[in-house]
Amino acid sequence: MSVHCLLVAGGRWRCFPVPLGSSLVQGLHNSCCRKKSTAPKKIIPSVALCDENTKKSGNALDKLFSSEQQASILQVLNTASNKELEAFKLLRGRKSINIIEHREKFGPFQNLESLMNVPLFQYKTTIQVCNSILCPETEGEKRKFQDNRLLRKLIKPEIKRERLKAVNSIVSIVFGTRRIAWAHLDRKLAVLDWQQSECCQLMKGTYLSSVYLQEISSVISKMPNADLYVLEKIGLSIQNSSRFPVLLHFHIMEAMLYALLNKTFVQDGQHRVLSMNRNGVGKHFELMIGDTRTSGKELVKQFLSESVLKEEPRVVFPSEKIVRYRQMFSSTEEQRAEELYDSLLQAIAFYELAVFDTEP
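Residues numbered from 1 in each chain as written. Predicted model: local features only at pLDDT ≥ 70, side-chain atom pairs only at ≥ 80, totals over all residues. Heavy atoms only, no water.

- An unreviewed UniProt entry lists the protein under the name Transcription elongation factor, mitochondrial, with Lynx pardinus given as the organism.
- Entered under Function (unreviewed entry) in the UniProt record, the comment concerning the protein runs "Transcription elongation factor which increases mitochondrial RNA polymerase processivity. Regulates transcription of the mitochondrial genome, including genes important for the oxidative phosphorylation machinery."
- Per UniProt, the protein has the following entry under Subcellular location (unreviewed entry): "Mitochondrion matrix, Mitochondrion nucleoid". (UniProt positions renumbered as here; feature names shortened; annotations may be inferred.)

## Concerning the nonpolar core
- The biggest cluster of nonpolar side chains holds 43 residues, and the ones touching the most others in it are Leu185, Trp194, Met276, Phe285, Phe317, Leu344 and Phe350.
- Elements with a minimum of two residues in this core: helix H7 (139-154), strand E5 (179-186), strand E6 (191-198), strand E7 (228-233), strand E8 (273-277), helix H13 (297-309), helix H14 (319-332) and helix H15 (338-355).
- Residue contributions to this core peak at twelve residues, all from H15.
- Beyond its immediate chain neighbours, meaning those up to four positions away, Phe317 contacts Val191, Trp194, Phe303, Leu304, Ser307, Ile322, Tyr325 and Leu344. (Core = buried A, V, L, I, M, F, W, Y, C linked by side-chain atoms within 4.5 Å. Buried < 20%, exposed > 50% of the residue type's maximum accessible area, 1.4 Å probe, protein only. Helix = DSSP H or I, 4+ residues; strand = E, 2+ residues; numbered from the N terminus. Contact = heavy atoms within 4.5 Å.)

## Let's talk about the packing of aromatic side chains
- Inspection of every chain in the model, using the stated rule, returns eight aromatic pairs.
- Between the aromatic rings of Phe317 and Tyr325, the centroid separation amounts to 5.9 Å while the plane-to-plane angle is 70 degrees, which identifies the pairing as edge-to-face.
- The class of Tyr325 is buried, set by a relative accessible area of 0%.
- With centroids separated by 5.6 Å and ring planes inclined at 25 degrees, the aromatic side chains of Tyr351 and Phe356 adopt a geometry described as stacked.
- Owing to a relative accessible area of 0%, Tyr351 belongs among the buried residues under this scheme.
- Among the aromatic residues, those joined into a ring-pair cluster are Trp194, Phe317 and Tyr325. (Phe/Tyr/Trp six-rings, centres within 6.5 Å; stacked < 30°, edge-to-face > 60°.)

## Regarding the sheet that holds strand E3 (residues 155-156)
- Strands sit in the order E3-E8-E7-E4-E5-E6 across an open sheet of six strands; the sheet is mixed. In the strand order of this sheet, the two ends are held by E3 and E6, each with one partner.
- Sitting on the sheet, H15 touches E3, strand E4 (169-175), E5, E6, E7 and E8, and the angle it makes with E4 is about 140 degrees. (Pairing = 2+ DSSP bridges. Axes fitted to C-alpha atoms, helices over the stretch in contact; angles between N-to-C directions.)

## Some remarks on the packing of H13 against H15
- Where H13 meets H15, the closest approach of the two axes is 9 Å, and the angle between their N-to-C directions is 70 degrees. Comparing the axis directions of H13 and H15 gives the class roughly perpendicular. Viewed along their axes, H13 and H15 form a crossing whose handedness is left-handed. Of the residues in H15, those in contact with Lys297, Leu299, Val300 and Phe303 of H13 are Tyr341, Leu344, Leu345 and Ile348.
- The class makeup of the residues in the contact of H13 with H15 is seven nonpolar, no polar and one charged. (Parallel < 35°, antiparallel > 145°, perpendicular 65-115°, else oblique. Left-handed = near helix turned anticlockwise from the far one by under 90°. Nonpolar A, V, L, I, M, F, W, Y, C, P; charged D, E, K, R; others polar.)

So, in structure tokens, the structure goes:
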């Protein structure tokens, strides 16, 4: 007699005696201790699978491209230098090096199928590369790609080029710890409005949101309407803990301006407020010394003078406003009103880099 346990309904185990040699004991033993089949299984080598897939892909490539197209592609793959291969957008970086190394080790490519033996080249990649060789980028397309990449670094968030080209006027805004300045320019680079406002109370106390809202709302009420509002983006490092109060102030200012000036964003989803990289503007006007941007005061002073002395100045100050602007500039020379100077320079750089896409 032996004792066996079985799992019954409800997930509980029940034990009961069973005579030795009974059919139940033998059945339990056979079900628990059934031997695995020793019959050899048919194994398909992975190499054979790869060869079969490659063969199918190679046949598909032959159908996609005519014999003349295949000859043209192979001519490039077998004769082009590394620099010439990198001229094709999809062959930049490691792919062009892999082609050269494969060519040196195994000889010229005999067919398009052999390109899939090169590292980083799978079936879809090979098709894309072959198409790019047959239809290479024009110089205009290459320049457009480079310009778009530079523009993405300069301006955030991304905005369609068509909208930038259609801009008629912008308000450029630069804020510091004590004041906020703005310059309103049209696409003829005529200065329609240019002023600053003191905001000395914002960094005093506990950074109350209500105080920021009150102060910034008051400043915005003085600003003219424009197609776009461009804010200066300063790249301050958070690693320096002593700068944290200033960094917090800038983030609050930026958030408030984005929220208050993007009045129609909920309805149309279109950004009317953009941020422009401060150092990008500095490079445009050659104001950078290493990673430090120098004052734009003398450059602004030059623009004011040229507006009177030159027939076609770079920046146009309307005759009815030039006296007031020069007086304002003179009154701020001792105060180091960098926000005032920078707001004007940022507006000029925005038009020349993002709208006109030309260097002065």
